[in-house]
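# Working through the structure, step by step
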Amino acid sequence: RFLPQGIGCGSMDSWSFVNIFEALAQEVPDRLAIACGVDRISYAELDRRANAVAWHLHDLGIGANDKIGIDLVNSSAYMEVFFGAQKLGAVPFNVN
């Protein structure tokens, strides 16, 4: 988890894509988050994969406000990278 303690259930000003996504992963972990082709991924699994991407990006030296170009087709992998970058506070953008 990359969010500082205390962020979450406060005012709407404290909410972001990551807050909402992680709240869903906690509240409905087994619910379907992505259905793309043959891929069927739950919120918990997507959160786990996004965390793995976030740690990998972190290990490469990427952090808050860094820009991340994503060159992937619409897929579950795209969403994993998108949310992984968001968890770091990085700014993902499409290059495809």
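Since we're looking at a predicted model, the values are computed, not measured. (Residues numbered from 1 in each chain as written. Predicted model: local features only at pLDDT ≥ 70, side-chain atom pairs only at ≥ 80, totals over all residues. Heavy atoms only, no water.)

So, about the nonpolar core. Within the largest apolar cluster, 20 residues are counted, with the highest numbers of intra-cluster contacts made by Leu46, Leu57, Ile62, Ile68, Phe83, Leu88 and Ala90. For this core, the secondary structure elements donating two or more residues are helix H1 (17-27), helix H2 (43-59), strand E3 (67-70) and helix H3 (76-88). In terms of residue count, the dominant contributor to this core is H2 (six residues). Apart from the residues within four sequence positions on either side, isoleucine 62 is in contact with Leu57, Ile68, Leu88 and Ala90. (Core = buried A, V, L, I, M, F, W, Y, C linked by side-chain atoms within 4.5 Å. Buried < 20%, exposed > 50% of the residue type's maximum accessible area, 1.4 Å probe, protein only. Helix = DSSP H or I, 4+ residues; strand = E, 2+ residues; numbered from the N terminus. Contact = heavy atoms within 4.5 Å.)

Let's shift gears to the pairing of strand E2 (residues 39-42). Relative to E2, strand E1 (residues 32-36) is paired through four bridges, and the arrangement is antiparallel. Within the sheet, the bridge partner assigned to alanine 35 lies in E2 and is arginine 40. Here E1 folds back onto E2 in antiparallel fashion, the turn holding two residues, of which glycine 37 has a positive phi close to 60°. (Pairing = 2+ DSSP bridges.)

Here H2 crosses H3 at 60°, and the two axes come no closer than 7 Å. Between H2 and H3, the angle falls in the class oblique. Judged by the twist between their axes, the crossing of H2 over H3 is right-handed. Between H2 and H3, the contacting residues are Leu46, Asp47, Arg49, Ala50, Asn51, Val53, Ala54, Leu57 and His58 on the first element and Ser76, Met79, Glu80, Val81, Phe83, Gly84, Ala85, Lys87 and Leu88 on the second. The residue inventory of the contact of H2 with H3, partitioned by class, reads ten nonpolar, four polar and four charged. (Axes fitted to C-alpha atoms, helices over the stretch in contact; angles between N-to-C directions. Parallel < 35°, antiparallel > 145°, perpendicular 65-115°, else oblique. Left-handed = near helix turned anticlockwise from the far one by under 90°. Nonpolar A, V, L, I, M, F, W, Y, C, P; charged D, E, K, R; others polar.)

Once that is clear, we can look at H2. Between its terminal C-alpha atoms H2 stretches 24 Å, which fits the 24 Å expected from 17 residues at 1.5 Å a residue. Residues Tyr43, Leu46, Asp47, Ala50, Asn51, Val53, Ala54 and Leu57 constitute the buried set of H2. Taken down its axis, H2 places every buried residue within 165° of arc, on the same side. Structurally, H2 contributes buried residues whose contacts are with H1, E1, E2 and H3. Looking one or two places after H2, you find glycine 61, whose phi comes out positive at around 95°. (Expected span 1.5 Å × (residues − 1). Arc of directions from axis to C-beta.)

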